[in-house]
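Observations on the model geometry
Listed here are the chains, written in short residue letters.
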Amino acid sequence: MATENPFKSILKTLQRPDGGEFGKYYSLPALNDPRIGKLPYSIKILLESAIRNCDEFQVKSKDVEKIIDWETTSPKQVEIPFKPARVLLQDFTGVPAVVDLACMRDAMNKLGGDSNKINPLVPVDLVIDHSVQVDVARSENAVQANMEFEFRRNKERFAFLKWGSNAFHNMLVVPPGSGIVHQVNLEYLGRVVFNTNGMLYPDSVVGTDSHTTMIDGLGVAGWGVGGIEAEAAMLGQPMSMVLPGVVGFKLSGKLQDGVTATDLVLTVTQMLRKHGVVGMFVEFYGEGMSELSLADRATIANMSPEYGATMGFFPVDHVTLQYLKLTGRSDDTVSMIESYLRANKMFVDYSEPQSERVYSSYLELNLEEVVPCVSGPKRPHDRVPLNEMKADWHACLDNRVGFKGFAIPKEYQSKVAEFNFHGTPAQLRHGDVVIAAITSCTNTSNPSVMLGAALVAKKACELGLEVKPWIKTSLAPGSGVVTKYLQNSGLQKYLNHLGFHIVGYGCTTCIGNSGDIDDAVAAAITENDIVAAAVLSGNRNFEGRVHPLTRANYLASPPLVVAYALAGSVNIDFETEPVGVGKDGKKIFLRDIWPSSEEVAHVVQKSVLPDMFKATYEAITKGNPMWNQLSVPSGTLYAWDPKSTYIHEPPYFKDMTMSPPGPHGVKGAYCLLNFGDSITTDHISPAGSIHKDSPAAKYLMERGVDRRDFNSYGSRRGNDEIMARGTFANIRLVNKLLNGEVGPKTIHIPTGEKLSVFDAAMRYKNEGHDTVILAGAEYGSGSSRDWAAKGPMLLGVKAVIAKSFERIHRSNLVGMGIIPLCFKPGEDAETHGLTGHERYTIDLPSSVSEIRPGQDVRVVTDSGKSFTCVIRFDTEVELAYFDHGGILQYVIRNLINVRQ
């Protein structure tokens, strides 16, 4: 078990510049190890965390050595434990986490403990931002109208989170309407350096959204994880991660006049995709860094998921400190941050000679080579230089259907769809824009591109240009600060005039919350098979994501979104063709309305002020009238409503006692599902809309919920009854028990009946039978999803026997008490002649002390076949979780034992 920290000898005191002390810190230079000086800055953050949390149980001295020896160990795919400083949640992913905390309080209360001591052990920041559907656009009242829609749809969920904000310490809930989680994180929540009870350490964060990486632009190590990893971190448990390689990305030169940060990030994304950075950190350095504002850096860091990296990291330097002051952090806080990072050799001072760092591989970009561009029509890394856009569009029309093709026959490429728009004759052609959205965390936090868009709008209005009324235009700022500086600059009125009214603060078009387009436009598209376009300042443009009717979706800078809205089509060469015709009949070109970099910089300097950030974030936790009027219980134990179809108490702690149940084997289990290779978390986890014929739909209808109010699985993640019914409900599921039939069904082996997976699982449970799953290679690949492990546990699955597992999903199964077993190399279900119709017995020792990580286990079937598997408990900590029946049970028993 845990022991005293073996690194206490390097605990030093950090002095204030004017005398006194900031606090204590673990000094990396005090280790006197020359290898540390060559480490990438991002790896130093992992090292400091390992040293500070070293207890020889969860984090061991040998883990610290692995990180110090990064240059040698990182190519070997070694695993290390990591304890982030805090956790960032959104409302969809935050609800299950708060549900679990509420359940833990109930369990502690039933076991005689003090339930009020159940709180997150690290700070949790929960931002309600994922709910802005653009129902109303092009209206002065859009914000209020859309907010009212969201509160009607999500009142119960919002109320539950509001209860959580009052009930739990160490948890901050930012109300809806405040902004996009990642911009709020950047401008307000990011600490850079923590000072907790006199202990100083770097800020680091894991978040339940992939674009948590935006905070890397502030020098805070952060990335996206699944819900179970986030909950584990929240409860003080270590995350297991592969020690990553680090790509050193050198920047030089300066962006040309008129080139935007969006052009830069699309260029970087393409370069890194080509280089191959999946599972790696990318660390930026070089003299070009001084030319990049903090907002520009955050734009690049934000798109880490699109170029495939775990992080796109910018170490802290003077630019970071200036941004912290701009956004209202106090002088004393900024002084503490700089002093700590300098003392620990984690600050970059470009006025001093730079020591050479070692990277796994190297890339370089001269910023002067970046040109205006967009990406699309179906992937973020398919970059198209703006001067090649028209030719590329025509190639896409010609090409066979694929990422760069629509296969429109030549004779139909000039087709014109005539329609009537509210009494006005109108036309649509292939490539015509029907959605133009200034949206997404990637760009709306960047004053240069937001005010640049507003300057384009101003020049266009002054020249008499208009946006066609059937184009759905919208503006969704990442925080209230954006609104303040757009208004302060006097430029918001020009955006309004072109239809870019503010629709809300949060994720909108980029995540598919586009709302409906006009019925007449929709009919013209569908009836004439028009390839309509959306242009958005987002980070993702996969087919079907933005809107079902926009087959072509292009990512562009906010100024270009305005330009394409004015042009009305992506089928344009901005060099030679006019954007439109002005009020005097003169042709207006893009160059006539495009601001210079100097113009933009002048407006930014004049309009973006520290008081705006202070005022916005002083008010943020006060909420808004609709939030403040939500009535919630005052108790610290949640009053579960058995009639609720949104929030339900899961059975994780049913019949729990203070004694761990010990290892459970599997006796005479039936095979619930028999899979081949590459079953992803999308196959396993409930996602998307609730199908009318599904077990979840039946559950809702039995409780009087009308079909139009089903909402999505995501919105009902706080109800385990619905999520269990949605597990393995994917219509593309291929289950070998069905002999070639595709769909969310399986065979109940004793009777031979074909049932939904949920119904079969419940029948086995009612009959008192365990179940197992057979699978091929890479079981659980794809995005990490908490319900991909929680769901099978609730269905009664006791073990998964696979050729191999995706790393995080395997640990999630362990966290939910499910045994992961791997066939021996070269073996699988087929080589052993297994059909899935057998019964399976897995004998384990009765004491966890008799189980070793990675030991062999014998699996015996009732058909006489038996085989040896490797049990994939990979650490002593995972064995402890299994001994307790899962991570939540382990944590609660330890909390009771420690705190009583």
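This is a predicted model, so every value here is computed, not measured.

Turning to the sheet that holds strand β26 (residues 666–674), a few remarks are in order. On the basis of which strands lie adjacent, the closed barrel formed by 7 strands has the order β26-β29-β30-β31-β34-β33-β32 and mixed pairing. Across this sheet, the average inter-strand angle for adjacent strands is 40°, counted without regard to direction.

Turning our eyes to something else, we now look at the domain arrangement of the protein chain. What the domain assignment reports for the protein chain is domain 1 (373–608) and domain 2 (666–884). Put simply, the middle of domain 1 and the middle of domain 2, counted by C-alpha atoms, are 44 Å apart.

Moving on, we get to the packing of helix α16 (residues 480–488) against helix α22 (residues 610–619). The description of two helices packed together rests on the angle between their axes and the distance between the axes. As a packed pair, α16 and α22 sit with axes 9 Å apart at the nearest point and diverge in direction by 140°. One element, α16, and the other, α22, form an angle in the oblique class. Handedness of the crossing formed by α16 with α22: right-handed. On the side of α16, the interface is formed by Gly480, Val481, Lys484, Tyr485 and Asn488, while α22 contributes Met612, Phe613, Ala615, Thr616 and Tyr617. Looking at side-chain class alone, the contact of α16 with α22 contains 6 nonpolar, 3 polar and 1 charged residues.

Read across the sheet, 5 strands follow the order β6-β5-β4-β9-β10 without closing on themselves; strand pairing throughout is parallel. Every interior strand has two partners, whereas the edge strands, β6 (171–174) and β10 (221–224), have only one. For this sheet, the mean inter-axis angle between neighbouring strands, taken without regard to orientation, is 15°. With 4 bridges connecting them, strand β5 (residues 124–127) and β6 associate as parallel partners. Its bridge partner lying in β6, Leu126 is registered against Val173. Contacts between helix α5 (residues 91–110) and the sheet are confined to β4 (86–90), β5 and β6, with β4 contributing the most and set at about 115° to the helix. Across the sheet, helix α8 (residues 227–234) touches β4, β5 and β9 (204–207), and the angle it forms with β4 is around 140°.

Judged by nonpolar contacts, the single largest core of 308 residues is most densely connected at Trp223 and Tyr779. Sort the elements by how many residues they give to this core and α5 lands first, with 10 residues. When we break this core down by domain, the ones giving at least three residues each are domain 1 (373–608) and domain 2 (666–884). Among all residues touching Tyr779, those that are not within four sequence positions of it are Phe675, Ile679, Ile684, Phe728, Ile773, Val800, Ala802, Ser804, Phe805, Glu806, His809 and Leu813.

Further remarks concern the pairing of strand β22 (residues 533–536). Side chains Ala533 and Val535 project from β22 onto one buried face, and the interleaved Ala534 and Leu536 project onto a second face that is buried too. Direction of pairing for strand β20 (residues 433–438) relative to β22: parallel, over a ladder of 4 bridges. Each residue of the ladder has a partner; that of Ala437, found in β22, is Leu536. For β22 and strand β23 (residues 552–555), the ladder comprises 4 bridges, and the chain directions are parallel. The partner of Ala534 across the bridge, within β23, is Asn553.

Each value, and the rule that gives it
Residues numbered from 1 in each chain as written. Predicted model: local features only at pLDDT ≥ 70, side-chain atom pairs only at ≥ 80, totals over all residues. Heavy atoms only, no water. Pairing = 2+ DSSP bridges. Helix = DSSP H or I, 4+ residues; strand = E, 2+ residues; numbered from the N terminus. Axes fitted to C-alpha atoms, helices over the stretch in contact; angles between N-to-C directions. Domains from an automatic or database assignment. Parallel < 35°, antiparallel > 145°, perpendicular 65-115°, else oblique. Left-handed = near helix turned anticlockwise from the far one by under 90°. Contact = heavy atoms within 4.5 Å. Nonpolar A, V, L, I, M, F, W, Y, C, P; charged D, E, K, R; others polar. Core = buried A, V, L, I, M, F, W, Y, C linked by side-chain atoms within 4.5 Å. Buried < 20%, exposed > 50% of the residue type's maximum accessible area, 1.4 Å probe, protein only.

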